[in-house]
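# Geometric and topological summary
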Protein chains: 2
Amino acid sequence: MARVVKTKTEFEGNFFEQYIVIEGDELTPWAADEKLEKVGKCTPRVDGSERVTGDAKYTYDIQLAGMLYGRILRSPYPHARIKSLDTRAAEKLHGVRAVLTHKNIPQIPLRMGQHFLLEPTLRYAGDEVAFIVADDEEIAEDALELIEVDYQELPFVIDPEEASQPSSPQIHLNGNVLNGKPEEYERGDAEKALREADVTIEARFTTQVALHNSLETHGSVCAWEGDSLTVWDSTQHIYGVRAGVAQALGLPLNKVRVIKKYMGGGFGSKNGAGKYTLLAALAAKKVGRPVHMMLTRKEENLAAGNRNNTIQYLRLGAKRDGTLTAIYLRSYAGLGAYSLWGTSPGGPARQLYACPNVKTIQYSVFTNTGPMAAFRAPGYVEGTFSFEQAIDMLAQKLHMDPLELRLKNYIDTNPMSGMPYSTKGLREAYERGAKLIGWRERKSKKITQGTQRRGFGMASQIWGGSGGPPAYALCKLNNDGSATIITGTQDIGTGTKTVLAQIAAEELGFPIERVSVELGDTQDGVYSPLSAGSMTLPSVGPAVRVAAHDAKEQLLSIAAQVLEKPKDQIKLKDGLLHVQGLEKPVELKEVLAMKLQNFMIIGKGARGPNPEKYSVNTFGAQFADVTVDTETGEVLINKIVAVHESGRVINPLTIGSQIEGGVIQGLGFALTEERVLDRHTGLVLNPNLEEYKVPTALDVPEIEHEMIDRADPYANNLGAKGVGEPPIIPTAAAIANAISDAIGVHVTDGPITPDKILKALNKTQIGGNHA
Amino acid sequence: MARVVKTKTEFEGNFFEQYIVIEGDELTPWAADEKLEKVGKCTPRVDGSERVTGDAKYTYDIQLAGMLYGRILRSPYPHARIKSLDTRAAEKLHGVRAVLTHKNIPQIPLRMGQHFLLEPTLRYAGDEVAFIVADDEEIAEDALELIEVDYQELPFVIDPEEASQPSSPQIHLNGNVLNGKPEEYERGDAEKALREADVTIEARFTTQVALHNSLETHGSVCAWEGDSLTVWDSTQHIYGVRAGVAQALGLPLNKVRVIKKYMGGGFGSKNGAGKYTLLAALAAKKVGRPVHMMLTRKEENLAAGNRNNTIQYLRLGAKRDGTLTAIYLRSYAGLGAYSLWGTSPGGPARQLYACPNVKTIQYSVFTNTGPMAAFRAPGYVEGTFSFEQAIDMLAQKLHMDPLELRLKNYIDTNPMSGMPYSTKGLREAYERGAKLIGWRERKSKKITQGTQRRGFGMASQIWGGSGGPPAYALCKLNNDGSATIITGTQDIGTGTKTVLAQIAAEELGFPIERVSVELGDTQDGVYSPLSAGSMTLPSVGPAVRVAAHDAKEQLLSIAAQVLEKPKDQIKLKDGLLHVQGLEKPVELKEVLAMKLQNFMIIGKGARGPNPEKYSVNTFGAQFADVTVDTETGEVLINKIVAVHESGRVINPLTIGSQIEGGVIQGLGFALTEERVLDRHTGLVLNPNLEEYKVPTALDVPEIEHEMIDRADPYANNLGAKGVGEPPIIPTAAAIANAISDAIGVHVTDGPITPDKILKALNKTQIGGNHA
């Protein structure tokens, strides 16, 4: 019987009360020294073959009989009003089946009325103007050109700090600053502490807009059956898309089915229904045929979300011995045209070290640019870039080793809530990382010959990643000793299917190939949270374990009855029943299929509540070894070392992929990735993969990574925490610190491109000869 | 927690012990006078719109990227051996992707080794020789012609009585009689009783081979993803197909997924994996692309199963007052080339009346013809045709009203087991039917003018239809007050989705449109039995009710906690929470979605065991009013009255469709439908819908039907029994008896075509002038 539990969940020191519904009893976590057979072992992707052979069907691959293709007309101006709009020529084009505009569809409010699905006001260059469905994509694209729109251009603003001023063009009725004021946090008295500090530093940092560029663009295929809608969607949250579509179209949840079986990546921008989803659904209803609507790469980079830029003013104060006494941050984050929330670049500043006086003032500001979306550790990537550079600046000023300074301010309890961390392996991560990069010996490795300068840097990482309820799972056992796990989660490419199969196989005592994992279907699945926030494994994994345990207990009860043996004399291992008193183990199939034709056992499980007395976080440290060419400004990364602690390691292979992927993405953020916007026209100049520079295979250095594999006794029944976001968090800061170590000056504006290095060098001795 | 229950299930007086696994507690059946809101109400098909608009996707409609099409080469001879086979020319045809023969695929035994998937021995004209997959169906068909086969013809036999002789050509190693001997049943001493009877009758009956001719032919679409196979199949048992495919291909059950969302009918021949399924799966694996393999109408009628023909020798004995004292039946059923079981034409003889001395000897015999398959009430349609005519013959001889004779021998306990029937509404069915047809006044309506002769006839029906375990269901509740029922059953066109939605809506207290029913997917669903044997509703329905009840109880517990009210003060009705002390009912959404973001409730249910002390059966009576033209032999059916008792009526609309469909199919069996086989070549002459005469709309007379709506207190928690098969059972016998009533002579060979009527008339006074 399900029961309701009232829980408190901590997030950055704040507590949220929540009712959760629990199915089944929570299990005792596996002990740290428990001998596990499947969990912790390198396990290749269970769906690897499908993914590499092309058997796997992604949203783009969905083909339905009679399917039409959609295309979107987008605003050419960063801020405008549609004065008039004529779609007659487009409608007449042979093969065009429908044209949707704000004039012929219902007014559907989005983001709590912040804007409408289609409306005459356009707030960025790329905003949706009209939607065409046609027999093929080419016809739809041709038809876009035939829509005549008369735009009235409006004044626009693209810089968030500038946009925060009342004099700037207003994008929304309630002004450009989200919620009308900055988000403030304070503990102690930071201003006073700064005044009293022995040493202070002060710096302005900026971080650029970065684009997600998942291999698979955003998109949906919508098909109606009677009054029920099925949406295939490239999403990180099928239940989120379901809720969004149901709300927008006024449908009950049981009439909307969202499916996502395979997905070409998602980094936070695919958490809900897009305008493309709703437009495809409306058009499919109108024309009575399925509609396929996938964004082009250009649209993906204009309209599907991005990592917001930031401007951060940061001041630190410390005692002579390195004890941090004050942190003061004022930041501006550019939300683009639409957002309900702002990221929190102050997160690392508030939490990484034991500092009694901290103040953060965070402005989240609308601008006439493409909308912000969560992007792998939103806020923390930007905040760590600035804060961990500031720590190095302070170390320099104090003449302390940067690692010693960090250890000096190490804290085992959450400085915001005062609660102890469930586990914190950061100290060990420092130690291992320092050893692997050769931190203590780094001075002997420094090169200063010719134009080459070698440097070493490091940065720390903190992030949540505890996951939590609600998340459910079912475990169905067949009478041949095979199992199917049903969840409603999604494998966005991270290996969710594989780790869930490991967990179920471990708990059941089945071989892994006898366990299938079904996911990505709201109608057949059971609720799971979004695959974001590093929460998939720690939310869904524990539910799967409970479901498998429930099923196993039922199976053993049945076996006991059929074999007429006490249940506690029967053990399951590798799919065989080991029965006390019997010489040889018995195949499940033999015992059960014979006596119990076609029976099925159904185990249920839910994620239990998070601990109320512990703060569950993930930690890590990265070290960079770089060589900078002072003549060209080019940075060669010799090596990155990444050591992280995310609780118990379930699968070293998939966790390794996460670490490497995070580091590589961090590398791009540090050095090359930047959405370039023309300040005069408000247009994006590089919405493509040619000019937006994601690291290629040749750009990737040696990455050495290790996990501090520590079963977390409080986090959940697996002892595992998330690892999706942690590895991207400290990379750019570690590289920036290594560059500074090499050239003697900090480059405080991201990305650290050769021109910025040369500019910084111009102010220093090293670069002087270029001035 | 699931538990194992050891049950006894009665079938025709035999008890089968079985372990079953039960989830959740069985519910008390709804009382007969319980006021139900959804159950018992005329409810249009919940998926009616999809079915009529073309939104519904049948197996034939499945389209997958890169899909190929399969075609089967079939034996042109009724019994032959492949001497040699050359596929080179076929393989060379452009667009042909693979050719499978017995030479290049594994030897896969079917029906416990009775035959192999492909093998050199061919046992009927239509037996599978080779399989081709090509880019389209036309190429595949062209390629069939290019396969060169050298056949060695073997002697063959097509008459089952002849085939039962040892001297006849042998089709299988163990001889032509299934299990080597007839199936015998005896109670009392039938031979002695016949010798001692006041009155006896004796007759030989034959029934023809009938073809199922579902609108949708058999077929499968097979696609592999890595080592997992998905099969879309037009089947009445997705889990049966899964088991068959897994066993044949050596796969664990979790690696085979079978899907059937919509289906164009099934009457018993679609209960498992076909050779077409396995060939498509093997070919899809070989070529690495999906394969679409649907039978043509011709293949459907040659190779996909049929209602076996029978030869029945029947003798009855009775006392002068009409008391039946002896029944003796010897029957031969033609199995065609392959079958593991034989039908039981003796079922009605053994059970319909209170006769102490009964003997049935049933031969099931292999012949060189297309394989037999279950066809809507297998055995009982054939057995009722003969037995209920024999009862009329006896009535004639006794000068008794046929209905009086039946009532004279009425019995309220199962004569095979001695157990009372849970309910038996046959007496009421007789009464209502007699009234509706005007039975008592029929003599006054008889016409004897010109060549027109009017007659009235009736027949009784008995059938199982109790359903039973195992069958499972889940009920998921969303936080907006909508629900999804998950089962693993299939709606073969009967309205399963609709009645399950009614049951769930009733139990939940939800509006029906807030309940979706998912079925037809082995991987996401939970085990349900085949949709055959009139068992879908009484097996799956009770499981759905338990699951919905479980979910509702959880929901009320949660509502009680959130509202801080005792649970028993909260009632659910039409999706609203009625709370004691609150003036207005509260929307579920308001209470729950606010407090419990994204929660999901999961209720589980299973079908409980059948009662051990009652025999659960269905009953009915049909009456026919016909006019025969003695010059042409044509039969005009003026009216059929059908009154049935199948426990509680869940949906009068769907039950009405079943009754009408059954009567119409019975009408075809009575008068026109017959597979015609050429005795000299062993070839089917009418494997098509032009020459195989299914009744058309114009052939359908007035059908008046009523249900004796009686909640069965023992059958299951719904009080409902099955109704799929009952209505076809007595139709042909009632029509035959009416014809006999009209023309004064019984036509004992089906179908009763004009030529047979004229031939029978030749032997009588009426027909004398045609001699």
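The present account deals with the structure reproduced in this document.

### Quick notes on the interface of chain A and chain B
The partner chain B presents 62 residues to the 63 residues of chain A that form the contact. The interface formed by chain A and chain B contains 2 salt bridges. Put simply, Glu518(B) and Arg257(A) hold a salt bridge, and the shortest N to O gap is 3.3 Å. Across the chain A-chain B interface, the total number found is 30 residue pairs in polar contact (both at pLDDT 80 or more). Looking at the side of chain A that touches chain B residue by residue, the class counts come to 27 nonpolar, 16 polar and 20 charged.

### Regarding unusual backbone geometry
Geometrically, the link from Pro469(A) to Pro470(A) is a cis peptide bond, its omega value of -5° lying close to zero. By the element assignment, Pro470(A) lies in the loop between β22 (452-463) and β23 (472-477). A cis geometry characterises the amide bond from Gly750(B) onward to Pro751(B), with omega recorded as -10°. Along the chain, the position of Pro751(B) falls in the loop between α18 (731-743) and α19 (754-762). The phi dihedral of Glu564(B) falls on the positive side, at around 55°, and the residue is not glycine. Take Glu564(B): it is sitting in the loop between α15 (536-563) and β26 (570-573). Residue Asp574(B) is not a glycine yet carries a positive backbone phi of 50°. Relative to the elements of secondary structure, Asp574(B) occurs in the loop between β26 and β27 (576-579).

### A word on the pairing of strand β19 (residues 310-318) of chain B
Residues and elements named next belong to chain B. Across the 9 residues of β19, 7 count as buried, placing the element largely inside the fold. Pairing of strand β12 (residues 199-207) with β19, which is carried by 9 bridges, proceeds in the antiparallel orientation. Each residue of the ladder has a partner; that of Phe-205, found in β19, is Gln-312. Looking at chain direction, β19 and strand β20 (residues 324-336) are connected through 9 bridges and run antiparallel. Bridged to Gln-312 within β20 is Ser-331.

### Notes on the packing of aromatic side chains
Scanning the entire structure with this criterion turns up 26 aromatic pairs over all chains. Ring centres 6.3 Å apart and planes at 70° place the aromatic pair Tyr410(B) and Tyr430(B) in the edge-to-face group. Remark: Tyr430(B) occurs in helix α12 (residues 426-437) and Tyr410(B) occurs in the loop between α11 (402-408) and α12; sequence separation between them is 20 residues. Under the relative-accessibility criterion, Tyr410(B) is labelled buried at 12%. One aromatic cluster is present, formed by Tyr313(A), Tyr332(A) and Tyr363(A) through successive ring pairs. Lying over the aromatic face of Tyr313(A), Arg330(A) brings its terminal NZ or CZ to 4.6 Å of the ring centre.

### A few points about the packing of helix α17 (residues 652-671) of chain A against helix α18 (residues 731-743) of chain A
Residues and elements named next belong to chain A. Packing of α17 against α18 brings their axes to within 8 Å, and their N-to-C directions diverge by 55°. Accordingly, the angle class assigned to the pair α17 and α18 is oblique. The two elements α17 and α18 meet at a crossing, and its hand is right-handed. Here Gly-662, Val-663, Gly-666, Leu-667, Phe-669, Ala-670 and Leu-671 of α17 come into contact with α18, specifically with Thr-731, Ala-732, Ile-735 and Ile-739. Across the contact of α17 with α18, the residue classes break down as 8 nonpolar, 3 polar and no charged.

Procedures and definitions
- Residues numbered from 1 in each chain as written.
- Chains lettered and ligands numbered in written order.
- Predicted model: local features only at pLDDT ≥ 70, side-chain atom pairs only at ≥ 80, totals over all residues.
- Heavy atoms only, no water.
- Contact = heavy atoms within 4.5 Å.
- Salt bridge = Lys/Arg side-chain N within 4 Å of Asp/Glu carboxyl O.
- Polar contact = N/O pair within 3.5 Å; in protein donor to acceptor, adjacent residues only side chain to side chain.
- Nonpolar A, V, L, I, M, F, W, Y, C, P; charged D, E, K, R; others polar.
- Helix = DSSP H or I, 4+ residues; strand = E, 2+ residues; numbered from the N terminus.
- Buried < 20%, exposed > 50% of the residue type's maximum accessible area, 1.4 Å probe, protein only.
- Pairing = 2+ DSSP bridges.
- Phe/Tyr/Trp six-rings, centres within 6.5 Å; stacked < 30°, edge-to-face > 60°.
- Lys NZ or Arg CZ within 6 Å of the ring centre and 35° of its normal.
- Axes fitted to C-alpha atoms, helices over the stretch in contact; angles between N-to-C directions.
- Parallel < 35°, antiparallel > 145°, perpendicular 65-115°, else oblique.
- Left-handed = near helix turned anticlockwise from the far one by under 90°.

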